[in-house]
Amino acid sequence: MIKTNSNTIKLVIFDWDGTISDSVARIVSAMQSAAAELNMTVPTYLEVKEIIGLGLTEAVFRLFPQATREQVFQLQTSYSQHYRAEDSAPCPFFPGVTETLHQLKAEGYQLAVATGKSRAGLDRVLLSLGMENFFHNSRCADETLSKPHPLMLEELLAEFDLPAEAAVMIGDTEFDMEMAVNAGMPRIAVSYGAHHADRLHAFEPLACVDLFSEIKSSLY
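Residues numbered from 1 in each chain as written. Predicted model: local features only at pLDDT ≥ 70, side-chain atom pairs only at ≥ 80, totals over all residues. Heavy atoms only, no water.

Quick word on the pattern of salt bridges
Under the defined criterion, the tally for this structure stands at 10 salt bridges. Salt-bridge contacts for Arg-139 lead to Glu-159; the nearest nitrogen and oxygen are separated by 2.2 Å. One end of the pair, Arg-139, is in strand β3 (residues 137-140); the other, Glu-159, is in helix α7 (residues 151-160), and 20 residues separate them in sequence. Of the residues examined, Glu-159 reaches a relative accessible area of 42% and is grouped as partly exposed. Between Glu-174 and Arg-199 there is a salt bridge, with the nearest N and O atoms lying 2.9 Å from each other. (Salt bridge = Lys/Arg side-chain N within 4 Å of Asp/Glu carboxyl O. Helix = DSSP H or I, 4+ residues; strand = E, 2+ residues; numbered from the N terminus. Buried < 20%, exposed > 50% of the residue type's maximum accessible area, 1.4 Å probe, protein only.)

Below, the structure written as structure tokens:
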């Protein structure tokens, strides 16, 4: 296990869907609606949960391995339309998110987001929440490489001019944990998101927390 403490961690990087935002059900609904609209086999709730965290292209290819490139494009387009239609109001945050984020920021941590969402999707939700200037930086799957490739973390580290050991990645999926491992970065898992905690423990996180508010104590 990587050892760390609050004196070495300067940058806290969060996944969004399933970590900060309770959006799993909305993602599943939009993907199932897209498949139904295109007369393709509708994936189950659990099948869609498996791909949350990946970029949209990678997620569709994994869910529909027999799909042609044209079908993948159609699925992406339909999914985005259905998601936006359901996204008139932002998904609620998990308990303790707002308070913990403000506490971390007040204590001087740099805060960033590394997400499988599109840039347009993340910007839309941040704007609707009045948080467009809250995080110090962010990376989205459509402007870099999808998780679990470490590029989005490497780009954030470069922008903050920090080594990997001065940051921590927080997420709810194997993709988040594997991305952090690939970047040589400490990581904290949350147990309440898309992937079961047993799967996350395999990546030796500093902690696997049941509540978002427990992240703060896990940095010490």
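Focus: the packing of helix α1 (residues 24-37) against helix α4 (residues 69-86)
Two numbers describe how α1 lies on α4: the axes approach to 8 Å, and their chain directions differ by 135°. Judged by the inter-axis angle, α1 sits oblique to α4. α1 and α4 meet at a crossing whose hand is right-handed. Each of Arg-26, Ile-27, Ser-29, Ala-30, Met-31, Ser-33, Ala-34, Ala-35 and Glu-37 in α1 lies in contact with α4, whose residues at this interface are Leu-75, Ser-78, Tyr-79, His-82, Tyr-83 and Glu-86. Class assignment for the residues of the contact of α1 with α4 results in 8 nonpolar, 4 polar and 3 charged. (Axes fitted to C-alpha atoms, helices over the stretch in contact; angles between N-to-C directions. Parallel < 35°, antiparallel > 145°, perpendicular 65-115°, else oblique. Left-handed = near helix turned anticlockwise from the far one by under 90°. Contact = heavy atoms within 4.5 Å. Nonpolar A, V, L, I, M, F, W, Y, C, P; charged D, E, K, R; others polar.)

What to know about the pairing of β3
The sheet contact formed by strand β2 (residues 110-115) and β3 spans 4 bridges and is parallel. Residue Ala-114 lies in a different strand from β3, and its bridge partner there is Arg-139. Each parallel crossover has a hand, and for β2 linked through helix α6 (residues 119-128) to β3 it is right-handed. (Pairing = 2+ DSSP bridges. Right-handed = clockwise from strand over helix to strand, strands pointing away.)

Details of the nonpolar core
Counting residues in each nonpolar core, the largest one holds 29 residues, and the members touching the most others are Val-12, Phe-14, Leu-101, Leu-111 and Phe-135. At the level of secondary structure, the elements contributing two or more residues to this core comprise β1 (11-14), α5 (97-106), β2, α6, β4 (167-171), β5 (187-190) and β6 (207-209). Setting aside chain neighbours within four positions, we find Phe-14 in contact with Ile-20, Leu-101, Leu-104, Leu-111, Ala-112, Val-113, Ala-114, Phe-135, Met-169, Ile-170, Phe-212 and Ile-215. (Core = buried A, V, L, I, M, F, W, Y, C linked by side-chain atoms within 4.5 Å.)

Regarding the sheet that holds β6
With parallel pairing, 6 strands are arranged side by side in an open sheet as β3-β2-β1-β4-β5-β6. With partners counted over all chains shown, the strands left at the sheet margins are β3 and β6, one partner each. Here the average twist between neighbouring strands, direction ignored, is 20°. Two strands pair when backbone bridges link them, and β5 and β6 are joined in this way by 3 bridges, in the parallel orientation. When the bridges of β6 are listed, Val-190 appears paired with Val-209. Against the sheet, helix α8 (residues 174-183) engages β2, β4 and β5, with an angle of about 160° to β4.

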